[in-house]
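Observations on chain architecture
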Amino acid sequence: HSRLRFSHRGLLACANRNAPHTNGSQFFITLDKCDWLDKKNTIFGKIVGDTVYNMLRLNELEVDEETDRPTDPPVITGVEVLWNPFEDIVPRTTAAERSAQEQFKKAAEVRKARKGQKRNLALLSFGEDAQQEEEAAAPTKFKSAHEVLRGHDSSLLAPEDTPEEVLRERAARAAAVSAVQDKLRAGAAGGLGCCSYACGFR
């Protein structure tokens, strides 16, 4: 663009061979005003922020007298694009990358289709072991207090699990308590003085 000029340091531009349509993948960064490059090289960015100070240190590097190249070339370890005016441009992908993306999509579809299906363990050589592991991992039914204490304390058993002799013993105790209560009531009605006790029976 005619308004883009090499008027200050920190500009990022494409390098060429001083001929039209020879821009390659090489680029350069200006360290000062370079007005003789106007309309000859394409400016596509600029260095901003504190990175400018790192860029200025490039001018202090030792260079070879014959080639005019740095004896210890600097390395760009990372780039951050702060503003991209070409949001509609889609990055190019190689055939290998496209193939990998397609394989990933197919694998995701297969996983989605298999999700929720029960495995046929008979097809596997270790099917019995896998079936036992799945049964062991299956959620177990919680036991009630009656089921846990079965065989330990007959007084805590569920009514349907209580032995007959225990039921007969309980009935006899209940009858004895009822008889004592009847006698106490009769004595109280006849005016006899007595003490009443609260007795607890199992």
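A short tour of the structure in this document, coming up. The shown structure was predicted, so the numbers you read here are calculated from the model rather than taken from an experiment. The written sequence of each chain sets the order in which its residues are numbered from 1. With the structure being a predicted model, the display of local features is reserved for residues of pLDDT at least 70 and the display and counting of side-chain atom pairs for 80 or more, all residues being used for whole-chain, interface and lining totals. Note that water and hydrogens are dropped before the side-chain values are worked out from all heavy atoms of the structure.

1. Here we look at the packing of aromatic side chains
Aromatic contacts are taken between Phe, Tyr and Trp rings whose centres are within 6.5 Å, Trp giving its six-membered ring; a plane angle under 30 degrees counts as stacked, one over 60 as edge-to-face, and the others as tilted. Throughout the structure, instances matching the rule amount to one aromatic pair. Look at Phe6 and Phe28: their rings are 6.1 Å apart centre to centre, the planes differ by 15 degrees, and that puts the pair in the stacked class. Here the residue Phe6 occupies a position in the segment before strand 1 (11–14), and Phe28 occupies one in strand 2 (residues 27–29), the gap between them amounting to 22 residues. On the accessibility criterion, Phe6 (1% relative accessible area) is buried. Numbering of helices and strands starts at the N terminus; helices are DSSP runs of H or I of at least 4 residues and strands are runs of E of at least 2. Summary of the burial criterion: residues with accessible area below 20% of their type's maximum are buried, those above 50% are exposed, and those between are partly exposed, where the area comes from a 1.4 Å probe applied to protein chains only.

2. What to know about a negative patch on the surface
Side chains of Asp64, Glu65, Glu66 and Asp68 sit close together on the surface and give a patch of like negative charge. With respect to the helices and strands, Asp68 occurs in the loop between helix 1 (51–56) and helix 2 (95–114). Using a relative accessible area of 60% as the deciding quantity, one classes Asp68 as exposed. Like charges within 9 Å and nonpolar side chains (Val, Leu, Ile, Met, Phe, Trp, Tyr) within 5 Å are joined into patches, using only residues over 30% in relative accessible area that form no salt bridge. Using a 1.4 Å probe, accessible areas were evaluated by the Shrake-Rupley method; residue-level cover was limited to the displayed protein chains. What counts as a salt bridge is simple: a side-chain nitrogen of Lys or Arg found within 4 Å of a carboxyl oxygen of Asp or Glu. None of His or the chain ends enter the tally, which takes Lys and Arg as positive and Asp and Glu as negative. Each charge is placed at NZ for Lys, CZ for Arg, CG for Asp and CD for Glu.

3. Quick word on the nonpolar core
As used here, the term nonpolar core means buried Ala, Val, Leu, Ile, Met, Phe, Trp, Tyr and Cys residues forming a set that is joined through side-chain atoms within 4.5 Å. Counting residues in each nonpolar core, the largest one holds six residues, listed as Phe6, Leu11, Ala13, Cys34, Leu37 and Ile43. Contact definition: two residues touch when any of their heavy atoms are within 4.5 Å. Apart from the residues lying within four places of it in its own chain, the contact partners of Phe6 are Leu11, Ala13, Phe28, Thr30, Lys33, Cys34, Asp35, Leu37, Asp38, Asn41 and Ile43.

4. Digging into the side chain of Asn41
Along the polypeptide, Asn41 turns up in the loop between strand 2 and strand 3 (43–46). There is a polar contact of 2.9 Å between the side chain of Asn41 and the backbone oxygen of Cys14. Not counting the four nearest positions on each side in its chain, Asn41 is found in contact with Phe6, Cys14, Ala15, Asn16 and Phe28. Two N or O atoms count as a polar contact when they lie within 3.5 Å, although within protein this holds only if one can serve as hydrogen donor and the other as acceptor, and sequence-adjacent residues are included solely when both atoms are side-chain atoms.

Read these as layout, nothing more, since geometry by itself doesn't imply function.
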